[in-house]
Amino acid sequence: MPILTVNKLTKAFGGLMAVSNVNIQLKHGELVGLIGPNGAGKTTVFNLLTGIYQPTSGTITLHQNNEDIAIQGLKPYNVCKRGIARTFQNIRLFKDLTVMDNVRIAMNKNTNYNLLQAFAHTKAYSTEEKEILDESIELLKILKLEHKKDELAKNLPYGEQRHLEIVRALATKPSILLLDEPAAGMNPAETAQLTETIYWIKDNFNLTILLIEHDMSLVMKICERIYVLDYGMVIAEGIPSEIKSNKRVIEAYLGEDTENA
Amino acid sequence: MKKSINGSTLKKFITLALTFAIVQVLVSTNIINDYIFSTLATICINIILATSLNLITGFTGQFSLGHAGFMSIGAYTCAIITLRNPTMLGFVIGALAGAMLAAFIGFFVGLPTLRLKGDYLAIATLGMSEIIRILFINLDSVTNGAAGLSGIPQFINWGWLFVFTAGTIILLNNFIKSSYGRACISLREDEIAAESMGINSTKYKVIAFVTGAFFAGIAGAVYSSYYYFLEPNLFNFQKSIDILVIVVLGGLGSLSGSVIAAILLALISTYLQSFPELRMVIYAILLIVIMLFRPQGIMGSKELSLTVFKKWTRGLRDKKNGGVA
Amino acid sequence: MEQFLQQLINGISLGSIYALIALGYTMVYGVIKLINFAHGDVYMLGAYIGYFCITNLNLGFFPSLLISMLVCALLGATIEKIAYKPLRNASRIAVLITAIGVSLFLEYGTMFFVKPDPRSYPPLTGFMAKTFRVGNLLITSQQILIIIITVVLMIALQLIVKRTRIGKAMRAVSLDGDAAQLMGISVDRTISFTFILGSALAGAAGILVGIYYNSINPLMGTMPGLKAFVAAVFGGIGIIPGAMIGGYFIGLVEVMVSGYGNSMYRDAVVFAILIIILIVKPSGLLGKETREKV
C-alpha cells in the first residue's frame, strides 16, 4: 500500500536543474534509501518534500486514510502537520535551548489549550503541559538522552545532537520520517547502534522511513529498497543487491569517489 | 511535585502582596513623595513597555522599532475616552479600549510586514510608527493636533500602577512558559527548523506582535492618565529607541532583565535630568559598550529566580572554601 | 504646467541630496549588510563642518566642501573601526543596535558641544546669491550648484567603482565576501574604503543642504537619513544606480506631495512608499530575488 507518491518532481534554480523528473514511491512501513554522489540533489529532494523549496513542476501525493492529498508547494509547517518529519544534514537544533525544550517545541502542533488558557495558566494548561513533559521524557529515553534533558543542545556531543534531531522529529508524531545522513560523522560502533535504533523506532512508531546516507554499508544493510540519484535524476531503483551490481550506479560513484562505492 | 508548584505560587503571591503593601505604606506616609512617585510611575510604565517589546524582539526575534506607535494609540484612545467620561470606569474602559485598538492595528501592520526579515522589519515598523505619529498631528478634530491633549483626568495611583505592571509581567511570563511562548522562541532560534517541526511562523510572529502591541497600549493608557498631557511628538522614533535600550541592556529574552534595566535607567536619567543632552550621550555610549562587550545584556536570556540566586551564592561560597583549602 | 516644472526643479534639487546620502547607505549595505543608522548623522556633521569652515575660517564654498568631505570620510572610517569592526561576526541585531547607538552619540554629542539651537549659514554673495528666471520658472544658483556637484560626484563614484582596483574589490566583497577574501582581497580595507566613500558623499550632501536651506541643527540628519534609506530600498539596496534613482524619486514625491497635497503628510507618504515596496518587492526596483540556503 503506497503512502507517498512523488511524480515527475522537478526543481530548477535559474538554469540549473537540481532535481528533474524524479519519481519515488514509498509503501507503508518501508525503509527506503536515497543515495547518490555529492551534489546529486538528495537534500534538494528532501527540501522539496518538506516544503522548504517550491517545486518547479511535478506532484507529491500523500495517501492517508484512503484519501489522496497533494502536498507539493505546501508550507513546511503544513507538510509537518500532514505527518512528514525530517532531520537536517547540517544539524539545525535550537542550539541555545535545552534538550527538553527542543523536544517540547516539536510537540506544539499537537497541543490543544488555547491562547487565553496559556496566559492564565488554567487547569487545561497544567494538565496538558504535564502530559507534554512526560511524553518528552519517554521520547528522550529512546535515544538515552533523558539524563541530559536540562542541558543546552549546543553542549551535547556531536553524536547526541544527531540523536536529538531524531527525537525532535519523532515528537511531531509523524507517519513518514525523512532522515538526512543520520550517521554522518559517527564511528562504526555508533553507526551500528544507530542502525538498531532506526529499526526500533520504525517498528514501534509504525513509521515509513526515507533515508539519505553516505555510509554504504549502513544503507545496504538496512534499506529494503534504494533509489540512486545522479545529476538530479533517478538513475537506478531496486533492492540493495541489484543496486550493488548496477552498472550506471558504479559509474556514477567511480566518476566521483571510489571509496564510497 | 504538585505541592511544590503550589508552594512556589504561594511564595510568588506573598512576594507580590508584600511589595504592594510596603510601597503603599510608604506612599501613604508620604515617604514616597510626589517626586519619587513620578520616578516610580516612569519605572512602571517603562517595565510594561520593555517587557512587551522584549516579547517581540527578545523572545520571538522580530526586530521592531515601532513600539512608541502602539503606545501612542493606547495613550490617545484612553485619553479621549476619559476626557468624555471622567470616571474610574471610563478610565478602565479607556485603557482596555486603547490596548485593544493597539493590538488591532498591530495585527494589520504585522500581518504583511512580519514576512520581512531582520532590518527590513525594523525599518517597516519604524515607518509605521512615524505614519501613526504624523496622523495624530494631522487629525486635529480628534487629537488636537501638534498642540496635544491636556487636562486628561488623573486616575493612576499606586494601586493601578501595581495592577498593570505586575499583571503585565505575570501574563507575559505565563505566555512565554507555554507552548505558544516556546513556539515564539523557536522562531528566534531557527525559523526553518521551527517551520519544519510544525510551527506556523507567521501565526506565532503575529501573536507575539499583537500581544506586544496590546501591552504597549496599556502602557500608553497608564502614561496618559498619570501625566494628564499628551502630544504626538512624545511618541517619536526616540521613544522607540528608549524602550529598545531598556530591552537590550536588560537582555534580549529576559523579562527580569527588562525590569532591572528599567529601574536602573530610570535612576540614571533621574540623576541626569538637568543635563538632557548628556543623558542621551550616556545612553548612546551605554548601547555601544553593551553591544561591544556584553551583547547579551545584564541577564542574557536567563531569568532572575531564587534558584539562580542560590546557585550564585553557592558558587561564591565554594570559591571561598576552595581558597581556604 | 509651469508649476509642475517648478516643482520638478525643486524635486531634483532635494532628490540630489537624498541620492548622495542614499549612495552611502547602499554601498555600506552592499559590503557588510548593515543599515548604518549613523549615516544620516555623518551628513549632519558635514553640514556643521561646512558651517565652521565658512563662518569661522572664512573659507570659500569649494575649499569648505572639500574639507567637509575629507573630515567626514575620516569620521566614517573611524566609526567603522571602533564600533562596527569588532562586531564583524556578531548577530545582525547587535550591529544594528550599535549603529543606533553611534547615531545617538553623534547627535547628542554634537548637541552637547554646539547647543541644540539651529544655526544659519551666512548669506551668500556674488554668483551664489543669484536667481535665474526662465520664463516664469525660478532657478536659484544654489539649485544649479547642487545638481551639478551631485552629477559630478556620481560620475566620479562610478569611475572609482568601475575602473579602480579598490572599486572592483568593493564589488567583489559585496557579491561574496568570503570568496573575495580567498582571492586575496583585503575585506577589512575594502570595508573601510566603502565607509570613506559613502561618508565623503554624505559630507558633501551636508554642506549642500546648508547652503540650500540655510538652517542646520544637530538632529537634522535623522529624517533625511531615514528618507535616504527609503530611497536606497526603493532602488534596490546594495545597488548604486538604484540609490541614485531612488534618491531622485523620493525627492520628487516629497516635493509633489507638498506642492499639490498637504505638506504635513509628505513624511507619511514617504514611509507609506517604504512599507509598500517592502511588502510588494522587498528587493527594490533594480534588485533580484535571493533565496536562503538550507
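Residues numbered from 1 in each chain as written. Chains lettered and ligands numbered in written order. Predicted model: local features only at pLDDT ≥ 70, side-chain atom pairs only at ≥ 80, totals over all residues.

1. Re the pairing of strand S2 (residues 131–134) of chain C
Quick reminder of the rule: What makes two strands pair is DSSP finding at least two bridges between them. Put simply, DSSP H or I for four residues or longer makes a helix, DSSP E for two residues or longer makes a strand, and each gets a number counted from the N terminus.
With 4 bridges connecting them, S2(C) and strand S3 (residues 137–140) of chain C associate as antiparallel partners. Paired with C:Val134 across the bridge in S3(C) is C:Leu137.

2. Considering the domain arrangement of chain A
Residue and element names in this part refer to chain A. As a reminder, the rule being used: Note that the domain bounds reflect an automated or database-derived domain assignment. In this description, any two residues whose backbone-derived C-beta atoms lie within 7 Å of each other are considered to be in contact. Only Asp, Glu, Lys and Arg are considered charged, only Ala, Val, Leu, Ile, Met, Phe, Trp, Tyr, Cys and Pro nonpolar, and every remaining residue, Gly among them, polar.
Considered domain by domain, chain A is made up of domain 1 (2–83 + 174–260) and domain 2 (98–172). Computed over C-alpha atoms, the centres of domain 1 and domain 2 are 27 Å apart. With 11 residues of domain 1 at the interface, the matching set in domain 2 holds 10 residues. Counting residues per element, the ones that place at least two in the side of domain 1 that touches domain 2 are helix H2 (76–81) and helix H7 (188–204). Per-element tally for the side of domain 1 that touches domain 2: the top contributor is H7, with 3 residues. Looking at side-chain class alone, the side of domain 1 that touches domain 2 contains 7 nonpolar, 2 polar and 2 charged residues.

3. Comments concerning the interface of chain C and chain B
Across the boundary between the two partners, chain C contributes 34 residues, which contact 34 residues of chain B. Residue assignment for the side of chain C that touches chain B shows that the elements contributing at least two residues are helix H4 (92–114), helix H9 (222–235) and helix H11 (266–280) of chain C. For the side of chain C that touches chain B, the element with the most residues is H4(C), which contributes 15 residues.

4. Regarding the packing of helix H11 (residues 237–250) of chain B against helix H12 (residues 255–271) of chain B
For any two helices packed against each other, one specifies the inter-axial angle together with the distance between the axes. Residue and element names in this part refer to chain B. For clarity, the cut-off: Helix axes are fitted only over the stretch in contact, all axes being lines through C-alpha atoms; the angle between N-to-C directions runs from 0 to 180 degrees. Roughly parallel means an angle under 35 degrees; roughly antiparallel, over 145; roughly perpendicular, 65 to 115; everything else is oblique. By the definition used in this description, the sense in which the near helix is turned from the far one sets the handedness, with an anticlockwise turn below a right angle giving left-handed and a clockwise turn giving right-handed.
At a minimum axis distance of 7 Å, the contact between H11 and H12 shows a crossing angle of 120°. As the angle between them shows, H11 and H12 are arranged oblique. Seen from above, H11 lies across H12 with right-handed handedness. Contacts between H11 and H12 involve Val-245, Ile-246, Val-247, Leu-249 and Gly-250 from the first element and Gly-257, Ser-258, Ile-260, Ala-261, Ala-262 and Leu-265 from the second. Its residues assigned to classes, the contact of H11 with H12 comprises 8 nonpolar, 3 polar and no charged.

5. Some remarks on the sheet that holds strand S8 (residues 208–212) of chain A
Residues and elements named next belong to chain A. Pairing in this open sheet of 6 strands is mixed, and the strands run S6-S7-S8-S3-S9-S10 from one edge to the other. Two strands close off the open sheet at either side, each with one partner strand: strand S6 (84–86) and strand S10 (233–238). Each strand axis lies, on average, 20° off the axis of its neighbour in the sheet, ignoring direction. Sheet topology places strand S3 (residues 31–35) next to strand S9 (residues 225–230); 4 bridges connect them, and they run parallel. Opposite Ile-35, over in S9, you have Val-228 as the bridge partner. The strands touched by helix H1 (residues 42–49) are S3, S6, strand S7 (176–180), S8 and S9; relative to S7, the strand with the most contacts, the crossing angle is about 150°.

6. A closer look at H11(B)
Counted only if it meets this: Multiplying one less than the number of residues by 1.5 Å gives the expected span of a helix. Three exposure classes are used, based on other C-beta atoms lying within 10 Å of a residue's own C-beta, which is placed from the backbone: buried for 20 or more, exposed for 12 or fewer, and partly exposed in between.
The terminal C-alpha atoms of H11(B) lie 20 Å apart, and with 14 residues this matches the ideal 20 Å at 1.5 Å per residue to within 8%. Most of H11(B) sits inside the fold, with 10 of its 14 residues counted as buried. Residues B:Ser240, B:Ile241, B:Ile243, B:Leu244, B:Val245, B:Ile246, B:Val247, B:Val248, B:Leu249 and B:Gly250 constitute the buried set of H11(B). Here the buried face of H11(B) lies against helix H2 (34–59), helix H3 (67–84), helix H5 (118–138), H12 and helix H13 (276–293) of chain B together with H4 of chain C. Backbone geometry just after H11(B) places B:Gly251 at a positive phi near 125°.

7. Things to note about the nonpolar core
In summary, soluble globular proteins display a tendency toward joint burial of nonpolar side chains. Rules: Buried Ala, Val, Leu, Ile, Met, Phe, Trp, Tyr and Cys residues form a nonpolar core when they are connected through C-beta atoms within 7 Å.
With 282 residues, the main nonpolar core has B:Val222, C:Ala231 and C:Leu274 as its most contacted residues. No other element matches helix H10 (residues 201–227) of chain B, which puts 15 residues into this core. Two domains each provide a minimum of three residues to this core, namely domain 1 (2–83 + 174–260) and domain 2 (98–172) of chain A. Setting aside residues no more than four positions away along its own chain, B:Val222 makes contact with B:Ile45, B:Ile48, B:Ile156, B:Leu161 and B:Phe164.

8. Here's the deal with the pairing of strand S2 (residues 16–27) of chain A
As a general feature of sheets, a regular strand has side chains that alternate between the two faces. Residue and element names in this part refer to chain A. As paired elements, strand S1 (residues 2–13) and S2 share 8 bridges and run antiparallel to each other. Counted as the bridge partner of Leu-4 is Leu-26 from S2. Linking S1 to S2, which pair antiparallel, is a turn of 2 residues; within it Gly-14 sits at a positive phi near 60°.

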